[in-house]
Amino acid sequence: MSGLAGVLAIAFTMVFTENYVLVQFLGICPFLGVSQKLSSSLGMSGAVIFVMTLASAVTYLIYTYIMVPLGLAYLSTIIFILVIAALVQFVEIFLKRFVHPLYSALGIYLPLITTNCAVLAVTLLNISENYNLLESCVDGFAAGVGFGLALVLFSGVRKALERAKPPACWNGLPITLVAAALTSMTFMGFTGIADNLFG
């Protein structure tokens with residue numbers, strides 16, 4: 001696939017059929033930690049979308065125009081982590097300065113974006129799939145949207161669980177993990193749709 005169909009296929013795939021949280025099970029720590037409230041889920045979603053999109057663009061440019069010509073492609077993981085860490089620091093400083101309530105609500109999970117394997121995975125995927133700059137940015141943005149979709153959906157599920165009053169032995173983490181597993185199973189229904197839509 002090429003052109004617009006290829007870009008749309010990348011976007012659909014990253015949001016639904018290859019969702020990093022619900023299909024590939026990456027980024028579970030912030031997924032479970034921040035999804036208790038809708039406001040913090042939306043805030044974390046925005047931060048992750050920003051970091052993933054910008055990281056995709058910056059790492060593509062660094063890899064293509066600096067690392068490959070200098071024979072440093074083998075350092076991609078280390079360099080990509082440093083780029084992601086710098087972007088997360090920027091987001092953290094911005095939120096602390098201008099959106100302090102959200103900064104407080106996200107707490108420890110904001111700096112954890114640096115170690116969020118989903119963010120690193122999207123930058124490495126762009127390289128392994130030989131995406132161009134546009135495709136890399138779309139991939140990063142769509143992966144962030146998929147991450148945000150998972151957070152927002154699961155915040156609703158957790159709100160329903162609070163009202164459900166499960167047996168005492170299921171309270172807390174056990175029922176949360178079962179609910180996460182059931183939520184991820186619903187995304188299996190999207191398998192193969194991208195090929196039929198954009199093929």
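Preceding this paragraph is the structure being described.
Residues numbered from 1 in each chain as written. Predicted model: local features only at pLDDT ≥ 70, side-chain atom pairs only at ≥ 80, totals over all residues. Heavy atoms only, no water.

Draft legend 1. Looking closely at the overall build of the protein chain. The number of helices and strands found in the protein chain is nine helices and zero strands. The secondary structure elements of the protein chain, listed N-terminal to C-terminal, are α-α-α-α-α-α-α-α-α. The C-alpha radius of gyration computed for the protein chain amounts to 18 Å, which stays within 12% of the reference 16 Å derived for 199 residues, consistent with globular compactness. By principal-axis analysis of the C-alpha atoms, the protein chain measures approximately 60 × 45 × 25 Å. When the 199 residues of the protein chain are sorted by exposure, 43% land in the buried category. In the protein chain, the share of contacts with a sequence separation of at least 24, taken over all contacts with a separation of at least 6, comes to 76%. Looking at the protein chain as shown, the accessible area adds up to about 10,200 Å², and 71% of this sits on carbon and sulfur atoms. Of the charged side chains in the protein chain, 7 are positive and 7 negative, and the gap between their average positions amounts to 25 Å. (Helix = DSSP H or I, 4+ residues; strand = E, 2+ residues; numbered from the N terminus. Rg over C-alpha atoms; globule rule 2.2 N^0.38 Å. Buried < 20%, exposed > 50% of the residue type's maximum accessible area, 1.4 Å probe, protein only. Contact = heavy atoms within 4.5 Å. Areas by Shrake-Rupley, 256 points an atom, 1.4 Å probe, with all protein chains shown as cover. Lys, Arg positive; Asp, Glu negative; His and termini not counted. Charge placed at Lys NZ, Arg CZ, Asp CG, Glu CD.)

Draft legend 2. View of the packing of helix α7 (residues 133–164) against helix α8 (residues 173–186). Axis separation between α7 and α8 bottoms out at 11 Å; the angle between their running directions is 135 degrees. In this view, α7 runs oblique relative to α8, as classed from their interaxial angle. Seen along the crossing, α7 lies across α8 with a hand that is right-handed. Facing Phe 154, Val 157, Arg 158 and Leu 161 of α7, the residues of α8 in contact are Ile 175, Thr 176, Ala 179, Ala 180 and Thr 183. When the residues that make up the contact of α7 with α8 are grouped by side-chain class, the tally is six nonpolar, two polar and one charged. (Axes fitted to C-alpha atoms, helices over the stretch in contact; angles between N-to-C directions. Parallel < 35°, antiparallel > 145°, perpendicular 65-115°, else oblique. Left-handed = near helix turned anticlockwise from the far one by under 90°. Nonpolar A, V, L, I, M, F, W, Y, C, P; charged D, E, K, R; others polar.)

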